[in-house]
Amino acid sequence: MVEAVLIDLFSLPANLQNSIQGLLCNVLETIEKCSSDPAPFVYVICRQGSERNGEQESLLPALRDFQCLKKRVEVVRAPTTAAALYTIKQRLDEKDLSIIKVILPTLRKDVMKVYIDHLFTAVYQFEFEDLKVAPACENLQVAEPRSEEHTLSAEDVALIRSEIQTYLESLPSLKGELTILRSSLIPDDIFLHGFTTRAGGISYIPTLSSCNLFSSSKRRDPQVVVKENLRRLAKAAGFNPETFHRVKTDHANAVCIMGKTEPDCYDGIVTNQKGVTIAAPGADCIPVLFADPVRKACGAAHSGWKGTLLGVSMATVNAMVSEYGCNVKDILVVLGPSVGPCCYKLPHESAKEFHSIDPGCVRLFDSASPYIDIRRATRILLESGGILPENIQDDSVMDQNQNVTFCTACHPDKFYSHFRDGTNFGTQIGFISIKD
């Protein structure tokens, strides 16, 4: 069932502009006649501008006569299509709506699809209908097929992308200024590094707000929003977002060597190239950073409970040793914000594997869902592999004043947490690069 209807009056042909009120009345009448209960929310988009104020005002009488739709109709006026669609996306997300019918002029369909592909994710379902009076109610259920399809030029697509980017760059940051947490263990004369918090981006959905740095088909933040959050982070931190590489998580222990063939999935990444920023995500899982100031090499790993058991952190260390000739005793390791043993539970069967590493990694072992300390397990495995204990930073046990290894689940104001927030969760990262 259609949950929302978008009527695109943004770029009507000149011969339709004089009859815009009658056209809108016909469309709304058809929507009202064929709507189920509750009626869909209806959003009418039109261009903002003084030369069209009279046209915009003429829409108001057309909206007053539809009792079924009542307050479910809203006119969205904006200077660009990107601004209008982003405003409507916010309305949809506020109401948790995902099934949208778009009624628009035929010639706008291909353009609109490009905007939608960039501003929305696979969470949303769109269907399209030509802007005309529907002869029967069935037209509200199934989008009408088109006899021909037109492909936009690469230049047209580039202009749309530029418009979207310009609009997103103009938006204010949410939840305060962008904040980067840094470790005193990693020498800042050689390495640029940090761990992000959730402040300072433009993501507005509560569980993603505001500096979410990961997009997927299952979440409502599109890639363009994540890219804008990354651009702001890069500007604040001082790295180039065009040479940024984030691990492609698989919750395993594969490691990517920068400059060699990239695996399809990997949870560790290493480099000795200057000016290349590598990163690992975390939203309870540990973003782990590695730095060798002697050989001038670095690494990042994403260590969840599965990756921890599979030894992803030592796999990253071993890659630095084998690829760049690092001495394991020179490698510095910092554990970033992650879920602590105060909050994190696993089923008893999984807890057994952590108990076998060290009984101290499990609390309430005899319970059905014991509390797990993935940081302690990570430290033990690293030390077993030759990393010096004094070269591992885990603030939760070593120095509370460093303020790096927070529990993500305990600090909703600072961090995202899958464990706390559910499936539509945001993601922070740990990043590192070798300075030029």
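What counts, and at which threshold
- Residues numbered from 1 in each chain as written.
- Predicted model: local features only at pLDDT ≥ 70, side-chain atom pairs only at ≥ 80, totals over all residues.
- Heavy atoms only, no water.
- UniProt positions renumbered as here; feature names shortened; annotations may be inferred.
- pLDDT = per-residue confidence, 0-100.
- Contact = heavy atoms within 4.5 Å.
- Salt bridge = Lys/Arg side-chain N within 4 Å of Asp/Glu carboxyl O.
- Helix = DSSP H or I, 4+ residues; strand = E, 2+ residues; numbered from the N terminus.
- Buried < 20%, exposed > 50% of the residue type's maximum accessible area, 1.4 Å probe, protein only.
- Pairing = 2+ DSSP bridges.
- Axes fitted to C-alpha atoms, helices over the stretch in contact; angles between N-to-C directions.
- Parallel < 35°, antiparallel > 145°, perpendicular 65-115°, else oblique.
- Left-handed = near helix turned anticlockwise from the far one by under 90°.

- An unreviewed UniProt entry lists the chain under the name Purine nucleoside phosphorylase LACC1, with Zapornia atra given as the organism.
- Its UniProt record gives the chain a comment under Sequence similarities (unreviewed entry), which states: "Belongs to the purine nucleoside phosphorylase YfiH/LACC1 family."

## Re the confidence of the model for the chain
1) Next: In this model, the chain carries a mean pLDDT of 89, and residues with pLDDT of at least 70 account for 88%.
2) Next: Counting contacts from residues 50-54, a segment whose pLDDT is below 50, to residues more than four positions away or on other chains yields 4 contacts.

## Side note on the pattern of salt bridges
1) Next: One pass over the full model with this rule turns up 17 salt bridges.
2) Next: One salt bridge connects Arg376 with Asp358, and the closest N-O pair in it is separated by 3.3 Å. Residue Arg376 is found in helix α12 (residues 374-384), and its partner Asp358 is found in the loop between α11 (348-357) and β15 (362-363); the two are separated by 18 residues along the sequence.
3) Next: With relative accessibility at 29%, the residue Arg376 sits in the partly exposed group.

## Quick look at the sheet that holds strand β10 (residues 268-271)
1) Next: Taken together, the 6 strands give an open sheet; going across it, the order is β9-β10-β13-β12-β14-β17, and neighbouring strands pair in mixed fashion. Of all the strands in the sheet, just β9 (255-257) and β17 (392-393) have a single pairing partner and so form its edges.
2) Next: Here 4 bridges tie strand β12 (residues 286-292) to strand β14 (residues 332-335), and the two strands are oriented antiparallel to one another. Along β14, the bridge assignment pairs Ala291 with Leu332.

## Brief notes about the sheet that holds strand β1 (residues 4-8)
1) Next: Read across the sheet, 5 strands follow the order β3-β2-β1-β4-β5 without closing on themselves; strand pairing throughout is parallel. At either margin of the open sheet sits one strand with a lone partner, and together these are β3 (73-78) and β5 (125-130). Strand after strand, the sheet turns through a mean of 20 degrees between neighbouring axes, direction not considered.
2) Next: Across 6 bridges, strand β4 (residues 99-104) lies against β5 in parallel orientation. The residue bridging Leu104 from the neighbouring strand is Asp130, located in β5.

## A short note on the packing of helix α5 (residues 81-95) against helix α7 (residues 154-170)
1) Next: One can describe the packing of α5 onto α7 by two numbers: an axis separation of 8 Å at closest approach and a directional angle of 60 degrees. Put simply, α5 runs oblique to α7. Considering the relative orientation of α5 and α7, their crossing is right-handed. Mapping the contact onto sequence places Thr81, Ala82, Ala83, Tyr86 and Thr87 in α5 and Glu163, Ile164, Tyr167 and Leu168 in α7.

## What to know about helix α6 (residues 109-119)
1) Next: With 8 of 11 residues buried, α6 lies mostly within the body of the structure.
2) Next: For α6, the set of buried residues is Lys109, Asp110, Met112, Val114, Tyr115, Ile116, His118 and Leu119.

## Let's talk about unusual backbone geometry
1) Next: Cis rather than trans, the peptide bond between Ser209 and Ser210 has omega equal to 5 degrees.
2) Next: Position of Ser210 among the secondary structure elements: in the loop between β7 (191-196) and α8 (223-237).
3) Next: The phi torsion at His251 lies on the positive side, around 55 degrees, for a residue other than glycine.
4) Next: Tracing the backbone shows His251 in the loop between β8 (244-246) and β9.

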